Structures are given as C-alpha cells and as structure tokens.
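# Breakdown of the fold
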Amino acid sequence: MASRYRARPFLTPPQGRRAARRQRERHIQRWIVVLIAVVLAVVVAIPAYGYYATFVAPPRHVAVQVNDAKHTLGEIVKRIRADVNITLQSGSQVDMATLPFEVLYTLIDEELLRQNAASVGVSVTQADIDAEIRRLHYPTPTAGQQADPVALEKEYKESLRNYFNITQYSESDYRSIIRASLLRDRIRDRLSDRVPAVAEQVYIHWIKVIEQDTISTVQEGLAKEDAFDSLARIYMRTDAYADANGEVGWVPKGAFPSLDGYLFPADGKAVELNKVSDSIVAGDGTYFQKVTQGPETRELSGKMREVMKTRVLQEWLNDQRDTNNVQVDFKSADYDWVVKKVQEI
C-alpha cells in the first residue's frame, strides 16, 4: 500500500539560502506595507482630527448645564449673533468683551426661571406667549389713521418674518425666549411683597462714565471745581436713573449694591453732604457721586420701588443658583472660539 506521506523535497544549501532570503524579504515587505498603512492613517487622521477639533467639537461643547438642561457653545454663538444683528440694526454698538458672558448668564437665568417658576406659583401658557409676540410685533396705527385690519395683520406677519431673518431664530427658539421673559416679569411681580414700603435713603447726584479718557477728563474738571451738573451734561451719556444734570433723587439702601459701601458706610457714619466722591468703579461704569440730603427713612418713590423689585428678583435667582445644579465650563479658549465665530458673520 502506498504511503500517505510525501517525502519532503531535498534542498541543497544554495536553495535553502534562497528560500530563507525570500521568506525574509516577504516578511520585510509585510512590515513595509504595515508601516505605509500606519503612515497613511496618521496623515489622514491629523487633518480629520483638526477638522473635528475645529468645526465639530466646539459647537457641541456643553458650556452651561442647569440640572438636566444643557446649552452648548453653538447655542451661545447663535444667541450672540442674534443680539449683534439686532443691536446693529438699531444703530448701536456691540461690546464683544462682555457680550459672551452676558449671554452665558442669561441662559442660566432663563433655565432657572423655567425650572423654578412653579415653586412661587407662576406659570406661562402658550396663549400668553402668542399674545406677547403679537404685542411686540403688531404695528401701532398712527393717531387719527384709519386702521385696516387686513393690512395691519399683513404688516404684523412681515415684521415677524423680518425678525426671524435678522436673528436666525426658529419659532421654537423665539417662543422659549419669550416664555422666559414672561416668567421673569411675573416672578418679579410675585416677589414684590418683599420690597418694603419705607426705607433709609439718601438724595444723590452722579456722573456715570464708561471710557477711561472721559473718567480722567471728569476728574480734572472736578479738581478745577467745575460745576458738577455742567460736567454731567457734557460727559454723561443718557442714564436710566439720572437726569441730564446728574440728579438721581432719593435712593434706598440695596437699590445699587455696588454703591452701598459709599452711600451707606458700614461704620454707620453719614456721608458728608455736598462733597463729590472719588471715582467709584462699579460693574456698569465709573461713578462720581454727591449726596445732598439724608440719610432719612421715607417712602420709596415709584421708580425706586421698581428698582428694588428687580433687586429682589436677582436675590431669588441667586438663591436658585445655590439650590440647583448649575455648572459652567467656559474657558478662555471657548471665549476666543465664540468671538471668532461671531465675527465670521
């Protein structure tokens, strides 16, 4: 019976060396192929990672989280672009040094309002949102003009369409923003019973300035004993609380927390009347102040009551930040990326 096994071919020494060499060459070739594949993979991966790191990852980066609600850098860019477009349409200037942070904290406040309004018995319906959008965009006929309801409705829809074109908001985006705005107003009113009817107050005048050059100019004018009201008329922009001469009126403690240290000293001593203060740097500008009456306990004016209602709302929001899980991840590189993307428009 024939054997099942074949005899292995006999290799002469030269044949064996050639076979071994071919085997080594094939082994080297395999390694070369592997190395080329690795190099190609790296070459492809570097730009791919660069593209991901530059265009894909940043917009998805969660910059703000309030409990389970998350907001990304992409959303911040979208909100800033809308604010910039609206501001430029009005002919005003944009401060990109502060706007990203303002939007960041607006997103936090809006989430706190949406998530915690029920705790103070406040709610907003879809009908409320519809009515507010209509109030904001519905045209007001000129006095004495015959109103055409069809024409007014057409103008309203055109106004709303134009707003969406400017802001690039979706209808859902806009309704969410309006809901938060309504909640803010209603919670502010709900908390108004925390504002006292009477409070310790001083009667003040101020010159509020922003630009450093203007600060120096005002300081020089005051040093030369130029009239306070004259300097206010020349150098102070339109102010929400002071008139053209810098007169604010009676101000209670807590209305402007960053100024309380000067207006209501911790040692209990009254501010020297009719003496202009040194420059006082606050969050929204630099102030030169003059107290002309007080302190005395008196009833709050309507204007100061509104200011105090806003302060009470802010205190409530601060409390919500402490009791809710609020996380912010917004580094300098994120700020730079946001500003760069906004400036691309």
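Residues numbered from 1 in each chain as written. Predicted model: local features only at pLDDT ≥ 70, side-chain atom pairs only at ≥ 80, totals over all residues. Heavy atoms only, no water.

Examined bridge by bridge, strand 3 (residues 198-209) and strand 6 (residues 285-299) share eleven bridges and lie antiparallel to one another. Following the sheet pairing, Ala199 is matched in strand 6 by Arg298. Sheet analysis places strand 5 (residues 280-282) next to strand 6, joined by three bridges and oriented antiparallel. Among the inter-strand pairings, Ile280 is bridged to a residue of strand 6, identified as Tyr287. Linking strand 5 back to strand 6 in an antiparallel pair, the connection comprises two residues. (Pairing = 2+ DSSP bridges. Helix = DSSP H or I, 4+ residues; strand = E, 2+ residues; numbered from the N terminus.)

If you walk across this open sheet you meet the four strands as 4-3-6-5, and the pairing is antiparallel. Since the sheet does not close on itself, it has two edges, and those belong to strand 4 (247-252) and strand 5, each with one partner. Pairwise comparison of adjacent strand axes, ignoring direction, gives a mean angle of 50° for this sheet. Where helix 7 (residues 212-223) meets the sheet, its contacts fall on strand 3 and strand 6, and the angle it forms with strand 6 comes to roughly 60°. (Axes fitted to C-alpha atoms, helices over the stretch in contact; angles between N-to-C directions. Contact = heavy atoms within 4.5 Å.)

Below, the discussion takes up the nonpolar core. A general feature of soluble globular proteins is that nonpolar side chains tend to end up buried together. Counting residues in each nonpolar core, the largest one holds 77 residues, and the members touching the most others are Ile76, Ile80, Ile187, Trp206, Ile207 and Val338. When residues no more than four places from it in sequence are discounted, the contact partners of Val338 are Leu73, Ile76, Val77, Ile80, Pro100 and Phe330. (Core = buried A, V, L, I, M, F, W, Y, C linked by side-chain atoms within 4.5 Å. Buried < 20%, exposed > 50% of the residue type's maximum accessible area, 1.4 Å probe, protein only.)

Below, the discussion takes up the side chain of Lys341. Of note, Lys341 is situated in helix 11 (residues 332-343). Those residues within four positions of Lys341 in sequence are excluded, and the remaining contacts are Val77 and Arg81.

Turning our attention to helix 10 (residues 302-323). Here helix 10 contains 22 residues, and its C-alpha end-to-end distance of 32 Å stays within 8% of the 32 Å for a straight helix at 1.5 Å per residue. Buried residues along helix 10 sit in contact with helix 3 (99-116), helix 6 (171-190) and strand 4. (Expected span 1.5 Å × (residues − 1).)

Here Lys208 lies in strand 3. Classification of Lys208 as buried rests on a relative accessible area of 18%. Excluding its chain neighbours within four sequence positions, the residues that come into contact with Lys208 are Met236, Arg237, Asp239, Asp284, Thr286 and Tyr287.

Here we come to the packing of helix 2 (residues 73-89) against helix 11. Contact pair helix 2 / helix 11: the axes reach a minimum separation of 9 Å and the direction vectors enclose 45°. It follows that helix 2 is oblique to helix 11 by the angle criterion. Helix 2 and helix 11 meet at a crossing whose hand is right-handed. On the side of helix 2, the interface is formed by Leu73, Ile76, Val77, Ile80, Arg81 and Val84, while helix 11 contributes Asp334, Trp337, Val338, Lys341 and Val342. Residue classes in the contact of helix 2 with helix 11 are distributed as eight nonpolar, no polar and three charged. (Parallel < 35°, antiparallel > 145°, perpendicular 65-115°, else oblique. Left-handed = near helix turned anticlockwise from the far one by under 90°. Nonpolar A, V, L, I, M, F, W, Y, C, P; charged D, E, K, R; others polar.)

The calculated volume of the largest pocket comes to roughly 920 Å³. Of all elements in the fold, only helix 2, helix 3 and helix 10 reach the threshold of two or more residues within the lining of the largest pocket. Per element, the largest residue contribution to the lining of the largest pocket is five residues, and it comes from helix 3. Residue composition of the lining of the largest pocket, grouped by class: eleven nonpolar, eight polar and ten charged. Size it by volume and the second largest pocket reaches roughly 250 Å³. When contributions to the lining of the second largest pocket are tallied by element, the ones reaching two or more residues are helix 3, helix 4 (126-137) and helix 6. The element contributing the most residues to the lining of the second largest pocket is helix 6, with seven residues. Looking at the lining of the second largest pocket, its residues break down into eight nonpolar, three polar and four charged. (1 Å grid on protein atoms, 1.4 Å probe; cavity = no way out; pocket = protein on both sides within 12 Å on 5 of 7 lines; lining within 4 Å. Points joined across faces, edges and corners; volume = space filled by probe spheres on them.)

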